[in-house]
Structure formats: C-alpha cells, structure tokens
Amino acid sequence: YKVWGWKQAIDEYGVYGMKSDNGLNCRSLDLNLPLGFGWYDDNGDLQGTYPFFATRELAKRYYWLFHVYRKEKYGRAGVIKLHAGAAWYPFVAAFVDYRAHGEGANFMSAHFAENLTAPEDFVLGRQHHRFGIPVYLLTKRMGMPFSPNYLYLYAHLFHMDLRAYPDQLRPSGWHWNEKDPYAGHRGGPIGEFAPYHTGRPGVHSTPCPQGISWMLKDDFGCQQAEFLGFWRNQDYVQVGATRAAASLWLHPGQAALFVVSNFHSAPDAIALRLNLARLGLAGQTLRAYDAWTDEDYPLTNDAVHLTIPGGQYRFVRLEPEH
C-alpha cells in the first residue's frame, strides 16, 4: 500500500523526492498480533519481531520507484533521503541517496562549542560516509526560528513548491499498548484537524503540509496563474502591518490567491488593501475566504481583514460570489 501510495504521488503530482523519517524502520519491534509478528512470552509480556528483511524489501521497491519508474515517466530520477528508522543498517541504507543526520541535540547544548566535532566523529556515530552514502547534519528545534513549521512562512511567499513528501512508520504504534508512550500519539484518535500548525493539545495539525498545499495550488491553477511576489506586487495589494508580507497568484478578472505571513511572535490584525482594478475584479460582488478552512474573511472598503497567529501564515482566496 505504501509503495502504491508513493506511485500515486508521482503520477498525480510529479513528486521527485521522499524523506523517510521512520518510513524505513527496522529498529522498532513489530508487535502486530493478528499478523503473527507480536507474541506473548511466558510472563505475559508482549514481545515482537524486528522486520529486517521486510524493511530491506521496502527500501528496494522505493529505490526502483524513484530511480527506474520515475525516470522512465519524466526523464529524471528521484531522490530518497533517509533520516531515522533504518539509519544504522547498511543493508537498508544502501538503497537511499543521502542521509540526514541528527536533530540538533548537541547544537542545543549550553556548551555546544565544546561538543562540535567533525561529521565522521559525530556523537551518534552514523558512519554512512564510510560506505559511500552522503551525509548532512540536521538541526531542528521547535523554539528556534527555522523549525520545519516556521519554514513555510518563507517558502510560500517565494512560490517554493517542493514536490517531496515525508514518510513515517512506527511498527510499535500499530497496536494499542498502554506501555508504549507513543501509542496514543501515533495511533490514537486525532481529534480536530487543522492544516495550519497550531501546537494546541488535542488538535491534529499538519506540520509538513506539502500534500494539501499541492492540492490547494492545483485547485486554484497556480502553475497557470501569474505569480506576483511580495517584492513586486505593491500595485496590486498593500499589507497593513509592519511585520507581515503577502504574495499572490492571479487569474486576471477571475480570481486571486494570497499567501499572507505574520512574522510577529504574537497574533496580528492584518488588512490586505486591494487594488481591485489592477486585479481585474472591480465592480463585482466578491468573496474573500480561507482557501484551506473555507472561513470567510470580512471584505470592506476594498480591504480584506484577518488576524493571523504569531509565526503563522494564511491562504486567502478572492473571487466573485457564485
């Protein structure tokens, strides 16, 4: 099913890369009882099986999909990045293109200068370079400016549309086990859905919303629209906030899609002051709404009014009412 899903992503969206974060995972025990990989020992404790051969087979199929199938379809092979999961195992890692190493733990230390080492001597000892796989160091921390979620503030403003997709698989989360601290987190009810990152407990946010970004942009026809970045669209829109920016995609006389980013750490009330004549939308009854959530935004005196939480962005669609 996972390989089929990636094939659909390649066929429908031209995906050219995948990041496997526990998507190739043979270090976690497979505790699936119905399939026979999980079992109870004489003490009644649940035991499992390490899926070494299955993970290697999955890695080989991914490699074929991105390096053979995609190249035949588009004339260009794809790229596979391995982060966690099978990172320690050459018999799996041999089927990826490069390895992302670490999540910044030693860089966050108060004495980080004392802990910095050459890549080949990095504290966790992932020696992939010794068998020919390129490695780069990843630093990540939610409280730091360039966390994965914060990156979207910038990426959408520049019409960056990376056709790669994250993949995570944790075999120990396939069952309900109260002893597993990740069980509810990975496999439990997701509750409310929020495409924008919220960080609120009980809300299943999408911290890497590439897939729904593609659908949103494809629905609007961004590839066929005129893109007007924040550095050259002042004749079309003015942003009434000191630390905010907006870019837009335009089908003149038909519709506009804005991405608005708030660089404040606190919520900010923002007014998008529109030049409707320049947009080709003057003299029409218009609707402004969130392109993801369908929430209506007030449109008064040729300005769209919205409040954006700190460090977040919003997609605003403007079009004639139907």
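Preceding this paragraph is the structure being described.
Think of each chain on its own: its residues are numbered from 1, step by step along the sequence as written. Where local features are concerned, this predicted model is filtered to residues with pLDDT of at least 70; where side-chain atom pairs are given and counted, the filter is 80 or more; whole-chain, interface and lining totals use all residues. Side-chain metrics rest on all non-hydrogen atoms present in the structure, leaving aside hydrogens and water.

A.B. asks: Could you clarify how one ought to interpret the side chain of asparagine 262 in this entry?
C.D. replies: Put simply, DSSP marks the helices as runs of H or I at least four residues long and the strands as runs of E at least two long, and each gets a number from the N terminus on. Position of asparagine 262 among the secondary structure elements: in strand E13 (residues 255-262). Only protein chains enter the area calculation, which uses a 1.4 Å probe; residues under 20% of their type maximum are buried, those over 50% are exposed, and those in between are partly exposed. Its relative accessible area of 0% is what places asparagine 262 among the buried residues. Within the local environment of asparagine 262, its side chain forms a polar contact with the backbone nitrogen of histidine 264, the two atoms lying 3.0 Å apart. Polar contacts here mean pairs of N or O atoms no more than 3.5 Å apart (in protein, one a potential hydrogen donor and the other a potential acceptor; neighbouring residues in sequence count only if both atoms are side-chain atoms). In this structure the side chain of asparagine 262 is engaged in a polar contact, spanning 3.0 Å, whose partner is the backbone oxygen of isoleucine 308. Setting aside residues up to four positions removed in sequence, asparagine 262 forms contacts with Leu153, Arg243, Pro267, Asp268, Ile270, Ile308, Pro309, Gly310, Gly311 and Gln312. The contact definition used throughout considers only heavy atoms, calling two residues in contact when any of these lie within 4.5 Å.

A.B. asks: Explain the pattern of salt bridges here, please?
C.D. replies: A side chain of one charge can pair with a side chain of the opposite charge if their charged atoms are brought near each other. What makes a salt bridge here is a side-chain nitrogen of Lys or Arg within 4 Å of a carboxyl oxygen of Asp or Glu, nothing more. Applying the stated rule across the entire model yields 8 salt bridges. Among the salt bridges present, the one from arginine 287 reaches aspartate 294, with a minimum N-O distance of 3.3 Å. Arginine 287 serves as the salt-bridge partner of aspartate 296, at 2.6 Å between the closest nitrogen and oxygen. Taking relative accessible area as the criterion, aspartate 296 reaches 47% and is therefore assigned partly exposed. Salt bridges sharing partners connect three or more residues here, namely Lys7, Asp11 and Lys73.

A.B. asks: Would you mind going over the environment of arginine 99 with me for this structure?
C.D. replies: Residue placement: arginine 99 occurs in strand E5 (residues 98-101). Residue classification places arginine 99 among the buried positions, given a relative accessible area of 0%. Remark: the alpha-carbon pair of arginine 99 and isoleucine 80, spanning 19 residues in sequence, is separated by 8.7 Å.

By themselves, these are just geometric observations and shouldn't be taken as functional.
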